[in-house]
Structures are given as C-alpha cells and as structure tokens.
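A structural walkthrough
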Amino acid sequence: MAERRAFAQKISRTVAAEVRKQISGQYGGSPQLLKNLNIGGSVSHHTTVPLTEAVDPVDVEEYLHSHPLAAESGPLRDLLEFPRDDIEVVSTPRECRTLVSAVPEESEMDPHVRDCVRSYTEDWAIVNRKYHKLGTGFNPNTLDKQKERQKGLPKQVFESDDAPDGNSYQDEQDDLKRRSMSIDDTPRGSWACSIFDLKNSQPDALLPNLLDRTPNEEIDHHNEDQRKSGRHKELFALHPAPDEEEPIERLSVPEVPKEHFGQRLLVKCLSLKFEIEIEPIFASLALYDVKEKKKISENFYFDLNSEQMKGMLRPHVPPAAISTLARSAIFSITYPSQDVFLVIKLEKVLQQGDIGECAEPYMIFKESDAAKNKEKLEKLKGQAEQFCQRLGKYRMPFAWTAIHLMNIVSSAGSLERDSTEVEVGTGERKGSWSERRNSSIVGRRSLERTTSGDEACNLSSFRPATLTVTNFFKQEGDRLSDEDLYKFLADMRRPSSVLRRLRPITAQLKIDISPAPENPHYCLTPELLQVKLYPDSRVRPTREILEFPARDVYVPNTTYRNLLYVYPQSLNFANRQGSARNITVKVQFMYGEDPSNAMPVIFGKSSCPEFSKEAYTAVVYHNRSPDFHEEIKIKLPATLTDHHHLLFTFYHVSCQQKQNTPLETPVGYTWIPMLQNGRLKTGQFCLPVSLEKPPQAYSVLSPEVPLPGMKWVDNHKGVFNVEVVAVSSLHTQDPYLDKFFALVHALDEHMFPVRIGDMRIMENNLENELKSSISALNSSQLEPVVRFLHLLLDKLILLVVRPPVIAGQIVNLGQASFEAMASIINRLHKNLDGNQDQHGRNSLLASYIYYVFRLPNTYPNSPSPGPGGLGGSVHYATMARSAVRPASLNLNRSRSLSNSNPDISGTPTSPDDEVRSIIGTKGLDRSNSWVNTGGPKAAPWGSNPSPSAESTQVVSSATDRSCNRMSSHTETSSFLQTLTGRLPTKKLFHEELALQWVVCSGSVREAALQQAWFFFELMVKSMVHHLYFADKLEATRKNRFPERFMDDVSALVSTIAGDIVSRFQKDTEMVERLNTSLAFFLNDLLSIMDRGFVFGLIKTCYKQVSAKVYSLTNPSNLASLKLDFLRIICSHEHYVTLNLPCSLLTPPASPSPSVSSATSQSSGFSTNVQDQKIANMFELSVPFRQQHYLAGLVLTELAVILDPDAEGLFGLHKKVINMVHNLLSSHDSDPRYADPQVKARVAMLYLPLIGVIMETVPQLYDFTESHNQRGRPSCVAVDDYESEGGSMISQTVAMAIAGTSVPQLTRPSSFLLPSSGGRQHSTFSTESSRSLLICLLWVLKNADESVLQKWFTDLSVLQLNRLLDLLYLCVSCFEYKGKKVFERMNSLTFKKSKDMRAKLEEAILGSIGARQEMVRRSRGQLERSPSGSAFGSQENLRWRKDMTHWRQNTEKLDKSHKPARSRAEIEHEALIDGNLATEANLIILDTLEIVVQTVSVTESKESILGGVLKVLLHSMACNQSALYLQHCFATQRALVSKFPELLFEEETEQCADLCLRLLRHCSSSIGPIRSHASASLYLLMRQNFEIGNNFARVKMQVTMSLSSLVGTSQNFNEEFLRRSLKTILTYAEEDLELRETTFPDQVQDLVFNLHMILSDTVKMKEHQEDPEMLIDLMYRIAKGYQNSPDLRLTWLQNMAGKHSERSNHAESAQCLVHSAALVAEYLSMLEDRKYLPVGCVTFQNISSNVLEESAVSDDVVSPDEEGICSGKYFTEAGLVGLLEQAAASFSMAGMYEAVNEVYKVLIPIHEANRDAKKLSTIHGKLQEAFSKIVHQSTGWEFLLVEFFFPFSAPFPPPPLFVFGLVFFFVLHCGTPNFILAKSYANSSTPLMAQGMWCCQLQALLCPGSGTRALLSSP
C-alpha cells in the first residue's frame, strides 16, 4: 500500500510540475509559479531569488534621501515619511490621591530618604509613540469598534426577507385566485379573456431613456457613476474579524504603579447604648485573621458617648481634633477568607475594683427598671464622676465582642432587599451565640454554612447590612493577650461555644457594613492626609485604616509612608519589691535624653488632639504581671539619628485617694534605640527594666547592656515584652538591601569609612564589598525587593552608567549590575507568575520601564555632579558615540572607540573638544580601548587583524574583547588626581546594556534570554531618551547611533535568532517568548534607528529561521514562530510608509548585483518598460520584494504556505491568512488612509495578492456547493445517474433535463478537485477561504483601476478565466443568508452552546496556554492525519468552527442560559450581512467591467466574455439586494448591447440561462427589480430581432424558461409576473423605432402565449393538493407543446419529477421513456449515426404509445432552425442520461423486463463508444434484473395490495378489456408475479396509456420468456 501511495504521489508531482511549466509560459515567469527551483531554472527570464529566501531590502534612508518628497503637501505626502512628531517624551505628573502629597516634614534629608522621596514623587517619564494606537497591535477590530464603523448603514432590501412563510403565502394565493376568477373559469384557449385580463393589468415604472440610442462609452460612464455613488467605504467594517485567540501583536499599556488596596469595606458606627448610662465608654475596632493568627488591620478608635458623658472628662481632655471624631472607617482586606473577624473592644475610665466588679451593674440593672433603681443609679453615677475627675486620663479594659465578617457579607449577599438588618447577640437561648436574625434571615444562612475556601469571600458586591450587636463579653483581667483572643475567636465558631455559657453584658451597638464606594468623600489616610474630594474640612471624616496583610503583598512602594506601631504585651513585676499593682506604661518617642525631648508624633485615639507626646496603656486593677492589648501608632521622622529612641516609663496608679499619696508613682524605666548600626530596629523585644532613671547618653546603648551602678528589676532579666512593627517605604528592613543602598549612598556622598552592621568598610575594601553586596541581592527577601523595586533598579542602572571612582580607580560595575538585574527579574518572573500578560511580561516590570525608568541624569534638578537639569545632560555621550569621527584620529575603518570608554573627563561639547581631551590626558595607554568590531569586511571577532599604528595591543578573543570593552584599563595618576567622588563620565545605558548582553555567557546569558523583553524594552526607552535629551530626534537616522553600538545590536539580534532556531524544539515556551520579544524590539527600532539597518536585522533573523525551516521534515512550529515574528513587526503603526508605497518599481540600485534593471524582466511577452513595471507590481518579483520589503515578506509567506506542495505547513493556513486579513482590515479603518487616492497606494502593496489567491483556486472551499443543495442548478455529471436512487429527479435535474440549460456551474474546471489518484490538495476551511476572498475583494475595490486594466491586458486567457472563477466563487461566498437563516441559526446556537461551552472550558482550563497548545497540535498533526498527508486535516482547528454556525455566533455564546439573541441583534446582523453581500457583489461588478473594457480590444474575447457572463448570471441567481440587481441588470444590458453576437451565436447556453434569470426577477415582489428585469428582457428581444428580423431564439428560450419556472419554483407569484409582461407590452407599444416592423406583433404573441402558460399555472396551483388532477393538467400542458420539442421535454421532465416525488416509479419511467423517444426523434434528424436509435420507433417495445413523439406533422419545427433543440438533452450524452434514469426507475418499480428493453437501446451506443466501464455496469444490472425475475416470490398479495391501494399513473386508466384479460390470465395461469390495477374516473384512454398497460401485461403474461408483445396495439 505504502509503495503504491508513494508511486501515486510521484505521478502527481510530475503532472503538477508539467502544468506549472505550461502555465508559467503564460504567467510570464511569475515567481509564484516558479517556487520550485527545479522548474524556475528552465523558465525564468532572470535570476529570481526563490520565495523561500529573503531578498536584500532597499536602504530606506538612502532611498528617501535620493527621492526627495514631492513638494505639494497632502494625504499622499504623509505616506512618504514618518510624521515629525512621531515620538515624544512626555513628563506626566503622577496622580496623587491626597490633597497634599505625602513627603517628610524635615527639610534636611539623608541621601537615601531623598532618593526614596524622589522616587515616590517625580513625574512619570513616558515615551509616547503618538501614532502607536493606529498600528494593528492597538487597533483591534473589536465588536464595539465594528459597531461604531457600521453606524448609518442603509438597509438593503432583499426579496428573500420579504418572502412570506408558507402558510401566509398560501392564503395570499387563495385570495388571488378569488380575484382572478376570469382566468379560472376560462377553458384553455379562451384567448379573449386572457388578453382582456392582461390588458387591464398595471405595468411597472418604465426606465427613462431605455430605448434611446446612446453610445456605449456614455452608457458605461453613466453606469459607473451610478455604481460608485453612495458606496460603503470600509469593506472590513462589514466583515467579522477572523476568530482567533488574543492577537500576538497586542501589547497592553502597563498599569500605572499605584498604592495597593485590597477589597475595601466601609464600616459605620452608628450608636452604642447600655442598659444604664453612668460613664463614658471608649471603643475600638480591628480585623483579625484566626487562621493566620494575625491582626490584619490597625485599630480604629471611635467615640459614641453623649455630650453629657464626654463632659465628665473635660479636665483631662484637651480640645479634640476633627480627625479623631471619625465614626466610619474603610478597611482593606487583600486576602478575604472565612477566618476574618471584626473585633470590637470597649474600655472605660479606671476605677477602684477589678473588671468583674465594675461590670456587675451593667449586667444586673435593666433599662426598664430605671425608676425602681433610681437611688442606686444616682450613687453609681456619683462614683463614676469622682473617678473621672481623678483618674480621667487612665483607662481599664471593660468588654469585647466579635463579628464573623464573612457571615455578614454572605448573608447580606443572599438577601433580596436593598439593605439588611442583622441582629447579633450572644444570649444562651438565642440559638446561636453570634447571630440572631430578623425573621427575613432566619434559616436562610446558619453559621455552619461557612465554607473553608475563599470562594464566598467577595467583598466588593454584597448588599449593605446594618448589624445590631446585643451582647458583649466582659474582659478577663488575666486573658487580655492576642493569644487568648485567637482562642476565643476559634471557640466562637464551634456550636458548643464556651462563651455561650458566660453571662453577657447587654448593650446595643449598631453598625453599618457595606462595600466601600470607589471615591468616598471626606476621607483621611492612615497618616491623616485628606484624600481628594474633601470639599469641607469641618465635616466629620471617614478614616482609611491601614491593612497589615495576612500574607506578603508584592507591590512596589509608590507613596511615602513611615509609621511605627508599638505593642506593649506583658510585664512581670512579680519579683519586684515594693508596691506596684495598678500598673500603666507611658510610651514616648524621644530625640534625646532630656524629658523635654519627647516628640509629638504619637497619633491620638478618639476625641483628643491629633498628635501627642505620650501614650498610656490601660490598667488592670491589682495585677503585678499585667497583659496589655494597646496599639500605639507613631509617625517616624524621615531621618533618624542614634539618639532617637522609644522610652517606656512604668507607673503605679493610686486608685484610692489617700493623704500624701501621689496619683502616679514611677516604678521602672526601659527603652529601645531606634537605630542599630544604621538600620531601623524592629521586632519582638524582651527588655530588662531599670528601677532608676537611665543615666546620661543612655539612648545610644541598648538596655541589655549592663550599665554600671544601675539597679534592675529581677537582676537585669527581661521582664517587659514589647513588639515594634514598622510600616515604612523608607526602611527596607532587609539586611542585604540595606547594605547595598548604604554602600551606594556612601559612594554618592563620598563618606568613608562606612559603618554597616558591625563592620567598618574602608575605601580600599569598598570595591569588593560593593560587588559582593550586588551579588548578594539575590539572597534578599522577595517582598522587600518588590517594594523597593523602582529604587533598586534605578541604582543598578546608575552604577552601569556612571562607574564609581574608588581609591582613585574607576570601578566598572556594568557586568555585576547586569547580572544582578537579570537575576532579580527572573526571580520576579518565577515567583509572581500570576501577574504576567500573554507575552510573559511581568506587569510590575513592564510598568517600571514604561513609567519610572529614565536615563540617569535626566532627572529634573539632578543632584548629581555635572550639569544638572534636563538640558544639562545633553552631552553625556562619550566620544565613542560621535558618529562623525574627527579625521585627526586617523582610525582604521574597522575599529572604533570602546562603548564603555571612561577615559574622558568632563562632558566635552564638541568632537574637537573630545579629541583634545583625549589627546591631552598625558599619554594615556589607550590600547585597551580599541577593539576590532567585525565590520562589513573585517575579520570575525575571534581573529587577529594586523595591528594599527596606534594600537599596541591586539585583541585576540571574544573574552578579551569583553574585558577591554568593559574598560578594565590602566590610568595615570596625574589624570585622576583632579577627580573627587564619582567621575562625571556618563556612559550611555543602551550602549552599555547591549555590550554586556553580547559578551555575557553561561547562566547570566540564560537569565537575560529568559526575560529578553525586559532588556529590549529598557534599551529602547534608553535610546529614545538619549535622542530626546541630546536633541537628536530631528537628526538623520544614519547619524543617530555610533557604529559600534549598531554592531552590538546586530550581534545580539543574530545570536538570539540563532537561539530561536537551535532551541525551538527543546524550550518551546521560552523560545516563543524570546521570539515575540525580539520582534517587538525590532518593531520599536523601526521608529528610532536607521530603517534600512533594521530591515537588515529582520533579514538576518529571517535568513536563519528560513534556512532551518526548509531543512526540517515538520517545519510548522518554526514556521509558526516566523509568522508571529513577522506579524508583530508588521503591526508597526507606519507599516505602510515603511513599504515605500509611493516608490514606482524601478528596480532599485540593489545591493545584489544580480538584479539590475536589464535583467529583472519578468514578464514573458511584454518588453515595454511600462509593462514591465506593471508586471513587477503584480508579482512577487525581486524588485517588488526589495522595495516593498515588509509587504513582500508577508505575501511571500502567504504564497509559500498556501502552496499545495509546501510540505508540513498546512496547519498554518489559517494563521497566515489571518495575518493578511488583519493588516488589510487595519488599513481599511485607518483614518490616515481614508482618502481614495491614498488607499489606492496602500492597495498597491498588495497587488501580488491577486496572483497568489488565483493560484489557490483549487484549494479554496467550494462555496458553490451549498447552492447546489439549495436547489440552485448545478451541472449533472452523467455518471451520477448510476446511483441507486438515480430516478429521484431533483428540481435541478429536472431543469437541467428540461434543457433550460442551467448555468454550467462546472465550477470552472479548476474548481473540480482531482478525483482519481495523485496528491489531493487540502481544502482550506470555509473561514480561511472567506478571509482570503474578502482580502482579494479589498484589493480589487481599492486598487487603481488603470493599473488593474494594464495588468489584465498582460494576462493570458487562462489566467483571466482563473480570475473570473475566483469572482464566481466570491459571489457564492458572500451571498446574503437571509434573516430567516439567522433566526434558525439563533435557535441552533442555543442547542450547541452547551457543547461549545464544554469545549471552550476544556481549552481554557487546559494545563497549557492556547499558543503552546497550537504549537503542540501542529507538531502532532502529521501522525494524526490519514496517510500522513495534509488532506482532510482541515487546518487542525481546535474544533471545526465552520461545522457550527460559529461565524455568526462567536460573540454571542453567553455563559448563562438566556435565549441566544435579541430580535434587534438578529436585525443588525442581517443588516450587516446584507450590506456585505451588496458591497462584495458591487466590487465584483466593478472588476467585471474592467475585464470587459480590457478584453474588448483583444482577439480572445469570446472565451473571456463568456466567463464574465457566467459570473453575472451566477450573481443574478443568488440572493441579491434590489440595489445590486439594478446595477447588475444595467451592466448586463450594456454587455449585450456591446456584444450581441456573443449571446445569440456563441454562448447560446448562456442566453437560455439569462432568459430564465430575467424571468425569475420579473416575478419579483420588489418593484424596482421587476422594472429592471423587464427592461432587460425587452432589450434582449429587441437586440435579437435587430440581428435577423426575428427573435425565435429569445422567444423559444423565454417560453422554455417560463415553463421551467412554473414547474419548479415553489413561491412563484403570477400576479407580479403579469405586471412585468404588461411592462414589456408597454415598451413594445412605445418603441417608435420598430413600430413599422413585425416586432411589436411578435412581442405581443409571445407575451400572450406566456400569459396562457401563467393561466395554466394558476390552475395547477389550485390543484396543488390533488396530485391526480395536477398530473392531468401537466399532461395537458405537455400535449399543448406537441410542436415545441424543447418545451414538451420540459413538461415531461416536470411530470417525471412529480411522479418520482410520490414514488410512482413506473409512471416516472414511462415519462422518461417518452422524453428519450422525443430526443431520439430529433437526434436522428440532426445526426446520422448508425448506433443511435432511429427515432421513437425503436422504443415501441417498451410502450407503443411512444409513437406519439414522432415528428411528422407539418408544424413541427425543424431542428436546424435557430434556437430549437439546443438544450443539452438534445445530444447523445443527454439521451444516454435519460435512458439510464428510465432504467433505474423501471428497476425500482419492479418492472424488470422493461429494464432489459431500455438497455437494448443503450448497449449499442456504449459499444460504439467502446465504453467498457459502462457496459460492465449495464450487464451487471441486467444480471440483477433477470435474477430478480427468476426468484420473484409468488402470491396473491401483490394483486390485492396493488388492486386495493392503487397509485396514480400519468396516463388515463387501462381499457376494460385489459382487466378482463388480467383476470382471465389470473384464473388460467396461476398468480402473476406483477400486476397493476387502477380505477380512474376519466373515460378517455389515450393511446399512450393503453400502450403502457399492454406493456405491463406483456411482462405479466410471459415472464422472462422473451416472447414479443402479445398485445401490441389496443
């Protein structure tokens, strides 16, 4: 089998090659056809570069320089060059949330603080490509955009939309019948009535000037104007974008870096009410996560006391700041979970007695008993007042409760009401401790329904809830710690909570919980800054509460924040002597030892000043070892010194008022220094407590240090536990980062030695320390690295650009910094894979590059040495950057200065200064700074060029090169003595980066490759900044960058392309990312570098990849990468300009000498230079590909991949077609190309597309097939009749047999796929074919008509016909589907959507990304497809989209099960589809007109005009809009008037077809269509008459067409047709020119005859439900056409069809036999062939009635007369077809003897033609027939069944004597094997019918005996 297949393939290859060879002669050596080089060699007229190889691009800059722009400005001029404002560097102020920006208050700041603050406040430095949004990457054809472009579309009128449904149609008909009784009652032949009826009809509007003799040119001109007016400009706006994943070229703009917030929750505290009101109560709220055992927010303090209660504290409380009066707070939760609780704690003023005693009154007194307990309450109030007077500044713990947050959120979410009332209590009998619901909630949500996952934790959309908390738990003095709290909270979630058994304090706390609004008014940040929209400072604010996220959050700092939280936890004074029981801790933040040095930086709680100098903890009564639960929040100063510290003073508070006893007695002291070795000190501390005041200068020491002579509690043991937490965007709190920043700042300030940790780093050791700290950055924690990411990257970049000077040496840190950056970026990528876009770009890094990164020293007010400010940094380029080298340097061309050459002092301002400065550096040994660059002709990197005069040292290996270029050079001391601090040498970052990247190796190179996008984007931004700040954006592109840098970029691109080629199979995912990164890089470079150079880079990549692609057996993966690469580059916003659209193809002065203007002749038969240019424009010739470089690459890819012989690329069809579609669609909607003149230039870039698509014709999906199924005529191959069901005549067959010579839809030969052997083309999917065709139409619509015309002139007949085939296909492809189809699809979609959804989910949830999925699919496709060939693979779509109604419904697949689409959507869809169909057909019409104009002057016009007519007729046959049909008829009339002989002599088939089409449209329900159709029909008769004073041909065809139409069309409306006939009559009457001739009478005769047929039709319609009557009428009509063979044949066919439908096979067969006899009769008159039947006599053995068909009467038309017997069935093949169908029908009817008789006529014909195959089939069938006769069962069942269930025959019943005979034979001869019986009411028995019955009897009586007819005549 395999051998045979290989052999077959070989055969087909040769054939294909031969065909190509033959065609290429006509194509004039078109490169498309010479892809296979073996052919190319022999035919080509010049050295072509095969399509699989890249050509050398034209040097764009050189070209534009040598072809200066045309002077006039205008749309065309903008095509020629990029706009001047293409790139801008924008400084955008960053948005600040708060009214004043958060910055430290101090004016003096240390360098680190200054850098941080600058990093949080400076403007964004954005590089803006102004037109970027117009590139395809940013210009997606989204649904919304499409809808925008589709606005204002006119509604196209289609007859199919107006056609009524079956039932209503029927009613209308009945109505019509009632109205036209006159016809009904008239027997056939009552002319008078019929004529009367016709004359009374109303004609349609006549077309003006139709009968005038106007010159053809004028008519054409008029038609064109009409056609071109009011057209829709954008074709693609009407065509849905191809269905594809997120387009690869789409790059989203990164998000602006901003402060992180989780999900935000607004909590409003409304009221707090106890049973008794005797004293003020203070409350705080905070969030806790039980699972993480972590407090996840700071405290929010609020005061709900009445003014009266507050008044009790007046002496102790200074006036309150408004910020402390807040009663609502916004909490942020980054990780919401089921374990989050809102904990409310209450405190009261300290009083004598423990908590239990103090809480007792609240538990026992009830508000309802107030009157009863009045005295007791008064007493309590009095006591409270005393305590407030005395102890008002101290607090004691009182009570607490907790709310399970997620219960509230989820139950609120489940409520229907707008806001929820929830009551939360803790009563024993209330069912659940924490929540008692109003009746609306009870049972709806119980505690147990909390899920463990986070799926229910969405805080952004629940309904607001109002909670009433009714029960509090009293605080236990010994259980105040957080640990105890977590135990309580965990316990609360259990059903049998311990807390439930406790006695509660009853109270009512009302709070509102709702999702926080987007921008709440009157909001304060945690630092108390006002958030924007703060209209009035006197309004009570809402506080934002700082979150302490449960897990790390990876977001860079963007605002200044410097807060410290102090949490005293516990104290153990058990072993302290003396009285210390009611203990409070006073906390102060000091900047020195003096008591007055306390800073007012402690945030106030509620109803107090904003800041205070001290804070006290709550007192636990009589407890020597209290726990604390305080949170003290401090605003840290930006700059800390060694003297800043926290001071803790412990006091014993005396609750009882005694004589001589002070209120508070200090009982201990301790402290925490804030800085330790320069780092902020935070964490858990267990501190010893001193009994005495600390000594002088204590603050620089830690209390752990045993100071001499001090007394300590418990022998200096740690007795006080405290935790200090910093939330700061200044302090990294990571040792590695701290060390790195400290060293960098030490360098900046030049302060040595540096103290870091316990080390003192001296200057001589600094270099090693710096390098080790850079490499140690890898060990730092990821969270702080991300928080300080912007600053960290800035510093690393600064080290690259300005190498520091340490101990007189310049230290090159480029390599170390590059490595550190690579490793940091990879860490981010690996650990934060959640926030990457489709290209694997981490969003944090992308936004750093986009917004934050700028060239160091372009900072405004730059503090660095050297000229500051934006302008000052213009000249930091070293001399190596100078593009114009001073001649005095006398350099070798292949060498240039080091890219990182730090030998240059200062910033010289001109090349001459630079030279002087270099020469003036006292004999520097500069040898190491010169390096061989491998220029165009230079030796490769590793080789040794001869040393030049200046160079004393030669670099001999790439590694040396790296050392040298990295400036490890010797310096002379005299040079450096002048330097202090860092050299103001400024390298250019992009140059250094390129260099480092090129020379790195090993793991660093791998890391850089993994994240290549980052370095590429960094490099590009650096380049733009450099150009901008050096004022070079206006400079010519060739002089913008030094050669050395360009060499580095070349080397880099080349090696990366090498990596892609060598690793694409191993590291698929990485190579995909690398490939897109490289493409985006080159896309960016096109905007800023020498474009010719970038084209060179593209060629380099292309060359490497192509070489590999064509050496692989399954190249689709690599070819797919190549397409991605190309698609990204072509998404450039100036893609059109880059293609030099205005260049005329003069073969360029090409770098390859082989292509000169003399040899680049590529057309076989045009030698004229002008023609040559035209040919080059339409072919992928070398000049085209060079000059239109990118378009050339795109079209070349298309041509190569669509080439049927391309091995293994079939999976990429869709991808490459989408690329072209995407580009054209983007040009179509681009406002820059709206001008038609400009669009024509753009279309010029795609002219070769026409040729490429012409070659794919055999592979395109055959859209015409679906027409054939819908009853559109199609050619019937004779072989089809062999099938078993051969006699089931479809309408199409009926029409075809009828000789209505239906359009030869022989999808012109090229469309028929080879059926036998050989390699089959894989057909494209419908979607791909449709996309290709719409692209073709776009080019034809927008291209310059004169250019197209010139090209058509050059095309061979074969090629022009191919183009017409394509247009024919386009007509079918874009045919309007009709509203009904959309509605039907809508219901289908709904059924399919579930199944689609499953597939979508599978794709989405699959473990691999879509792109890899595709790569893998295409990798595996060879194994999957049958026989390893491409056939049948259907492009490996994920699932066959064109099998579902995918095109229309992609966007509509809704996740919910709601009905698919609204009426309006269907209407809109139909509107778009109608406009697309109309526009597409008008474009086709435009093109046909150009073809007609072109060929009217050539010799070979007949075959081509026939093709044009075929396309026109096909478009008339399709579902078209009224608008199109009017233009189509106009074109058709012009065509007929120009070439009348075409229709009436050559294309007679087409004439018949045209008549049919016109008649069909004459019966249209739409007036204008009827007007135009009748005008066309009238002119057709007129022209036919003018040729020979007779229009028999048209008369004949029209009559036949009408018969055909009547016989087959279901919803045919005679009323409308009658109007059209009247219109034709009216034209005839008004036609003055021909009034004197016989023409008007002939027209009248014809019209009346047609009207007669119509009358019969009405009758037939009436009897639609009565088959017998219907057949009778048909028989009558057929009889009426006895003298018109064609028409009789038509009606016999119609009858056969009707019988077939009802399975009356015997009758159907008889009709077919009569048809065959009729054909035979006329054939014998036409041709004298011995083997053909001599006429109908030959058939009389089958039925003697056949003799009726003999042509002997006088009025029979002779077959040689024009227009008679011209149908396709009056041929030998037609006869054979009819007989074969008859035989099949007889066989199905079981009349096997008749089968034999039919084949007796057929066999001689096949024998004469020596058709062995057919003969073998026939004899096989005869054998079957005879076997059936022999084995036929006997039995009466046949007789009975057939007798009692008769079926209708086409002919009247048998005479009675036949029945007598039957019964006679039944009685005497046993049961017959077949019998027919039929009772018919009609008495007439025509001969034909008698013959039939006799024939059946013959079969009955003498089964198989071969006896001749027993009864041969009646």
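Residues numbered from 1 in each chain as written. Predicted model: local features only at pLDDT ≥ 70, side-chain atom pairs only at ≥ 80, totals over all residues. Heavy atoms only, no water.

**So, the overall build of the chain**
Along the chain, the regular secondary structure elements total 67 helices and 33 strands. Counting every position in the chain, which comprises 1914 residues, the buried fraction comes to 58%. For the chain, the share of sequence-separated contacts (at least 6 apart) that also reach a separation of at least 24 residues comes to 81%. A total accessible area of about 76,100 Å² is found for the chain, and carbon and sulfur atoms account for 53% of it. (Helix = DSSP H or I, 4+ residues; strand = E, 2+ residues; numbered from the N terminus. Buried < 20%, exposed > 50% of the residue type's maximum accessible area, 1.4 Å probe, protein only. Contact = heavy atoms within 4.5 Å. Areas by Shrake-Rupley, 256 points an atom, 1.4 Å probe, with all protein chains shown as cover.)

**Comments concerning the side chain of Ser1571**
The topology assignment puts Ser1571 in helix H55 (residues 1567-1588). What Ser1571 contacts, discounting residues up to four positions off in sequence, is Asp204, Ala205 and Leu207.

**Focus: the nonpolar core**
In terms of nonpolar packing, the biggest core is built from 350 residues, with Trp997, Phe1014, Leu1082, Leu1085 and Tyr1246 touching the most fellow members. In contact with Leu1085, other than residues within four places in its own chain, are Val1020, Met1023, Arg1037, Val1049, Val1094 and Leu1097. (Core = buried A, V, L, I, M, F, W, Y, C linked by side-chain atoms within 4.5 Å.)

**What about helix H52 (residues 1522-1538)?**
Helix length check: H52, at 17 residues, gives a terminal C-alpha distance of 24 Å against a target of 24 Å (1.5 Å per residue), a fit within 8%. Summarising burial for H52: 13 of the 17 residues are buried, a large majority. (Expected span 1.5 Å × (residues − 1).)

**Brief notes about a nonpolar patch on the surface**
A contiguous nonpolar patch, built from Val700, Leu701 and Val705 and spanning about 200 Å² of accessible area, is present on the exposed surface. By secondary structure assignment, the location of Leu701 is in the loop between strand S26 (683-688) and strand S27 (718-728). (Patch = residues over 30% accessible without salt bridge, like charges linked within 9 Å, V, L, I, M, F, W, Y side chains within 5 Å. Salt bridge = Lys/Arg side-chain N within 4 Å of Asp/Glu carboxyl O.)

**Section: the packing of helix H37 (residues 1189-1202) against helix H40 (residues 1248-1255)**
Their axes nearest at 10 Å, the elements H37 and H40 cross at an angle of 5°. For the element pair H37 / H40, the angle class is roughly parallel. In this structure, H37 contributes Leu1195, Leu1198 and Ala1199 to the contact, and H40 contributes Pro1248, Leu1249 and Val1252. (Axes fitted to C-alpha atoms, helices over the stretch in contact; angles between N-to-C directions. Parallel < 35°, antiparallel > 145°, perpendicular 65-115°, else oblique.)

**Notes on the side chain of Ser1087**
Tracing the backbone shows Ser1087 in helix H31 (residues 1068-1088). At 2.8 Å, the side chain of Ser1087 forms a polar contact with the side chain of His1132. Apart from residues lying up to four places away in sequence, Ser1087 is in contact with Phe82, Asp86, Ile87, Arg129, Arg1037, Arg1040, His1132 and Glu1133. (Polar contact = N/O pair within 3.5 Å; in protein donor to acceptor, adjacent residues only side chain to side chain.)

**As for unusual backbone geometry**
Glycine aside, the phi torsion of most residues is negative, and most peptide linkages are trans. Positive phi, close to 55°, is recorded for Asn660, a residue that is not glycine. Given the relative accessible area of 77%, Asn660 is considered exposed. Of note, Asp1031 is a non-glycine position whose phi angle comes to about 55°, a positive value. Examined against the element boundaries, Asp1031 turns out to sit in the loop between helix H29 (1012-1029) and helix H30 (1043-1063).

**Things to note about the sheet that holds strand S20 (residues 614-616)**
The strand order across the open sheet built from four strands is S20-S17-S22-S23, with neighbouring strands paired in antiparallel fashion. Only two strands of the sheet have a single partner each, and these edge strands are S20 and strand S23 (664-673). For this sheet, the mean inter-axis angle between neighbouring strands, taken without regard to orientation, is 20°. (Pairing = 2+ DSSP bridges.)

**Comments concerning the pattern of salt bridges**
Taken as a whole, this structure holds 73 salt bridges when the rule is applied. A salt bridge links Asp56 to Lys1099; the nearest nitrogen and oxygen atoms lie 2.4 Å apart. Placement of Asp56 in the loop between helix H2 (37-43) and helix H3 (60-66) and of Lys1099 in helix H32 (residues 1091-1109) is noted, with a sequence separation of 1043 residues between them. In this structure, Asp1486 and Arg227 form a salt bridge, with 2.6 Å as the shortest nitrogen-oxygen distance. Here Arg227 lies in helix H11 (residues 216-228) and Asp1486 lies in helix H50 (residues 1463-1495), a separation of 1259 residues in the sequence. The exposure class of Asp1486 is buried, given its relative accessible area of 9%. In the salt-bridge network here, residues are joined through shared partners; they are Arg97, Glu259, Arg264, Glu527, Glu544 and Arg561.

**Brief notes about helix H14 (residues 374-391)**
Helix length check: H14, at 18 residues, gives a terminal C-alpha distance of 25 Å against a target of 26 Å (1.5 Å per residue), a fit within 8%. By the burial criterion, the buried members of H14 are Leu377, Leu380, Ala384, Phe387, Cys388, Arg390 and Leu391. Those residues of H14 that are buried lie in contact with strand S8 (340-349), helix H13 (355-364) and strand S22 (645-653).

**Details of the pairing of strand S7 (residues 328-333)**
Here S7 lies mainly inside the structure; six of its six residues are buried. Here S7 pairs with strand S15 (residues 542-544) via three bridges, running parallel. For Ile330, the partnering residue across the bridge sits in S15 and is Glu544.

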